[in-house]
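Structural overview for review
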Amino acid sequence: MALDAVMVRALVSELQEKLINGRVDKIHQPEKDEITINIRTLRDSFKLVLSASSAHPRVHFTSASKKNPISAPMFCMLLRKHIGSGKITAIEQVGFERIIRFSIESYDELGDLTTKYLIAEIMGRHSNIILTNQDMKILDCIKHIDFTISSVRQLLPGLDYVTPPAQDKSDLTDIENTVTIDFSAALQTADKAILSSIAGISPLTAREIVYRAFGRTDVKCGELTDSGKNKILYETVRLANAVKENNFDACMIVNKGSGKLMDFSAISIRQYESLADVIPFDSVSALLDSFFSTRDMHERMRQKSADLVKLLSTNIERISKKLVILGKTLSDSEKKDKHKVYGDLLMANLYSIEQGQIVAEIMNYYEESTPVVKIPLDPQLTPSQNAQKYYKKYNKAKTAEIEAAKQIKSAKADLEYLESTLSALENAETESDLNAIRAELIQEGYLNRKVNPKKQKHAASKPMRFVTSDGFDVYVGKNNTQNDYLTLKFANSSDLWFHTKNIHGSHTVIKLGLDKDVPKTSIYEAAQIAAYYSKGRDSSQVPVDFTQIKNVHKPNGAKPGMVIYDNYNTVYVTPKEPEKKDL
């Protein structure tokens, strides 16, 4: 992610314009590493999010709302005590680092006006949010860093706040008309050389400098002539001047094929050419809010669903191994007829076999050519007992074959269900979606019930609803229970049902209402939605079957979400994320 010092400078410029002299209204801590601050100005009000998430640290305005804990965490309570109702007097970028410092004036317990500093360090897994007094003494921080975590820099209440050690690089904003970049490593790419010499820029920005100089990004240092080096130096200085003049072009980069968010930048990006769409934003904060609201949600959901993913993956692996063993048992049982033949031949030739023989050579009357077969014998058993031994092997293999076939059918159904549940888990977007899947797994016996369901209340998870360009409502199940509800109860017999062909995914239904004539565009759009909410999301030309609900049936005893269907058509589509509509 390109939340580098260039982006921080652009962000600070925007925050200064909107928040200086604003008053802190409310402070919440919805996550253990994230706080939100409501700020009132004379003309407007803003919600500012400060996140020290290891995966997605950031600072920006947000319109999203998260559920706050009933009891505020200690750090949140401390912030309310020291900066609640305080006035923001300054916002600055510390050096040219990914550090933003808010100066906030407020009255202490004695009624004296004091200044506190709220510092957001946006540095990957080292990110933190720190509150200090006017003497830069740490009052508290959202993550405590002691000697066991870092021997270089500790962040604990009572210690003096010290900025992170400076890198041995040139700050981009210190560059005037010349800059020194070490291009001596011939095999190193030019963008890596820029990163090694210039502080405050991301890999994306370094590649953009090279692209603007040469029209490509894979230039090696060994290829550079003096003219080529001068081109890179010129583009670097030009970028430095634009940053110093606060001349930014915030943009988001979206993969043109899949629609997935790739990156963002405070400067215009051209290096992806036709492979990506570059969407401009007037506001850096709006860009970050749009980008991270999606990325952060997926990361939080990934963390909260980790136990379910592990449970499902473990069961899928266990059943897969079971199917291998059952397959071997089924394969071995194919030899059962040979045991019966051996038993019959021994019984028919008891008169010619003596006890103590190791092998009996007998003509096989079951084959036209009556070949002589050598039947292994146990010398300690009588000929009759040897025959009974082969009959027992035959009966055992016959029973194993029948039982293995039953277990294979059951195991395949379980595997199908678990894989479809794992697919639904990957598409879960809210905690209520996770709770619905968790409840389903408890119901099916895969998960132990640890709490009384009557005492634990969660908001009900509802199917997703979309509207096609022709105005038809499309509903998509978020889990197997919802898939059953949509297909078997919610939909009418003439409604259209969609599902990816031989790919795990959500049931998708077009509600027809009075209009039974569905345009091809709506069918295509519904198929795109079905493909998006399936395992084939990142593929192209995904086959999607569709038919009327009356052709979809649920076999007796089938797992949730498992159905069979006939009289269907197939359309090939590229998955596309739809725009959600409230139910």
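Since we're looking at a predicted model, the values are computed, not measured.

Conventions adopted
- Residues numbered from 1 in each chain as written.
- Predicted model: local features only at pLDDT ≥ 70, side-chain atom pairs only at ≥ 80, totals over all residues.
- Heavy atoms only, no water.
- Axes fitted to C-alpha atoms, helices over the stretch in contact; angles between N-to-C directions.
- Helix = DSSP H or I, 4+ residues; strand = E, 2+ residues; numbered from the N terminus.
- Parallel < 35°, antiparallel > 145°, perpendicular 65-115°, else oblique.
- Left-handed = near helix turned anticlockwise from the far one by under 90°.
- Contact = heavy atoms within 4.5 Å.
- Nonpolar A, V, L, I, M, F, W, Y, C, P; charged D, E, K, R; others polar.
- Phe/Tyr/Trp six-rings, centres within 6.5 Å; stacked < 30°, edge-to-face > 60°.
- Buried < 20%, exposed > 50% of the residue type's maximum accessible area, 1.4 Å probe, protein only.
- Lys NZ or Arg CZ within 6 Å of the ring centre and 35° of its normal.
- pLDDT = per-residue confidence, 0-100.
- Polar contact = N/O pair within 3.5 Å; in protein donor to acceptor, adjacent residues only side chain to side chain.
- Pairing = 2+ DSSP bridges.
- Core = buried A, V, L, I, M, F, W, Y, C linked by side-chain atoms within 4.5 Å.
- Patch = residues over 30% accessible without salt bridge, like charges linked within 9 Å, V, L, I, M, F, W, Y side chains within 5 Å.
- Areas by Shrake-Rupley, 256 points an atom, 1.4 Å probe, with all protein chains shown as cover.
- Salt bridge = Lys/Arg side-chain N within 4 Å of Asp/Glu carboxyl O.

Comments concerning the packing of helix H4 (residues 203–214) against helix H5 (residues 226–244)
In the contact formed by H4 and H5, the axes pass within 9 Å of each other and the chain directions differ by 125°. Here H4 lies oblique to H5, going by the angle between them. Relative to H5, the crossing made by H4 is right-handed. When H4 is examined against H5, the residues Thr205, Ile209, Arg212, Ala213 and Phe214 are found in contact with a partner set consisting of Gly228, Lys231, Ile232, Glu235, Thr236, Arg238 and Leu239. Here the residues of the contact of H4 with H5 are counted per class, giving 5 nonpolar, 3 polar and 4 charged.

Notes on the environment of serine 13
One can find serine 13 in helix H1 (residues 5–19). Serine 13 sits 80 residues away from glutamine 93 along the chain, and the two C-alpha atoms are 9.2 Å apart.

A word on the packing of aromatic side chains
If you walk through the whole model with that rule in mind, you get 13 aromatic pairs. Plain terms: the ring middles of tryptophan 497 and tyrosine 565 are 4.9 Å apart, the flat faces sit at 55° to each other, and that makes the pair tilted. Separated by 68 residues along the polypeptide, tryptophan 497 in strand E19 (residues 496–500) and tyrosine 565 in strand E23 (residues 564–565) bring together distant segments of the chain. Exposure remark for tryptophan 497: the relative accessible area of 1% places this residue in the buried category. For tyrosine 565, a relative accessible area of 24% translates into the label partly exposed. If you follow arginine 101 out to its NZ or CZ, it ends over the ring of tyrosine 117, 5.5 Å from the centre.

Focus on the confidence of the model for the chain
For the chain, mean pLDDT is 88; residues scoring 70 or higher make up 95% of the total. In the predicted structure, residues 452–456 sits below a pLDDT of 50 and forms 1 contact with residues beyond four places in sequence or in another chain.

Things to note about helix H11 (residues 480–490)
Within H11 the residues assigned to the buried category are Asn480, Gln482, Asn483, Asp484, Leu486 and Thr487. Against helix H9 (383–426), helix H10 (431–443), strand E18 (473–476), E19, strand E20 (508–511) and strand E22 (552–553) lie the buried residues of H11. Here H11 starts with a cap whose side-chain oxygen sits 3.1 Å from the backbone nitrogen of threonine 481, and that cap is asparagine 479.

Observations regarding the pairing of strand E9 (residues 138–141)
Note: strand E8 (residues 128–132) against E9, 3 bridges, orientation antiparallel. Considered in E9, the bridge of threonine 132 is made with isoleucine 138. Between E8 and E9, which pair antiparallel in sequence order, lie 5 residues; one of them, methionine 136, sits at a positive phi of approximately 65°.

A few points about unusual backbone geometry
Positive phi, close to 65°, is recorded for methionine 136, a residue that is not glycine. Note on placement: methionine 136 falls in the loop between E8 and E9. Here threonine 370, not a glycine, exhibits a phi torsion of approximately 40°, which is positive. Inspection of the secondary structure assignment puts threonine 370 in the loop between strand E15 (359–363) and strand E16 (372–376). Of the residues examined, threonine 370 reaches a relative accessible area of 27% and is grouped as partly exposed.

Describing the sheet that holds strand E14 (residues 276–280)
Hydrogen bonds between backbone groups are what pair the strands of a sheet, and the pairing can be parallel or antiparallel. Taken together, the 3 strands give an open sheet; going across it, the order is E13-E12-E14, and neighbouring strands pair in antiparallel fashion. Single-partner strands in this sheet number two, and they are strand E13 (261–265) and E14. The average undirected angle you get between the axes of adjacent strands in this sheet is 20°. Two strands pair when backbone bridges link them, and strand E12 (residues 251–255) and E14 are joined in this way by 5 bridges, in the antiparallel orientation. The residue of E14 that forms the bridge with cysteine 251 is proline 280.

Regarding the nonpolar core
Grouped together as the largest cluster of nonpolar side chains are 79 residues, with contacts concentrated most on Leu50, Val59, Phe102, Leu118 and Leu172. Per-element tally for this core: the top contributor is H1, with 9 residues. In this structure, valine 59 is in contact with Leu11, Leu15, Leu48, Val49, Leu50, Ile100, Phe102, Ala120, Ile122 and Leu288, ignoring residues within four places of it in sequence. Core analysis: the next-biggest nonpolar cluster, separate from the first, contains 23 residues, Phe498, Ile523, Ala531 and Val544 among them.

A closer look at a nonpolar patch on the surface
Among the surface-exposed residues, Met363, Tyr365 and Val372 lie close enough to one another that they form a single nonpolar patch of about 320 Å² accessible area. Among the residues examined, valine 372 registers a relative accessible area of 52% and is labelled exposed.

Overview of the sheet that holds strand E21 (residues 542–548)
One open sheet holds the 6 strands; their spatial order is E17-E18-E20-E19-E21-E24, and the pairing between them is antiparallel. Of all the strands in the sheet, just strand E17 (464–467) and strand E24 (569–573) have a single pairing partner and so form its edges. Going across the sheet, the axis of each strand differs from the next one's by a mean of 25°, ignoring polarity. Taken strand by strand, H11 contacts E18, E19 and E20, and its axis lies near 135° from that of E18.

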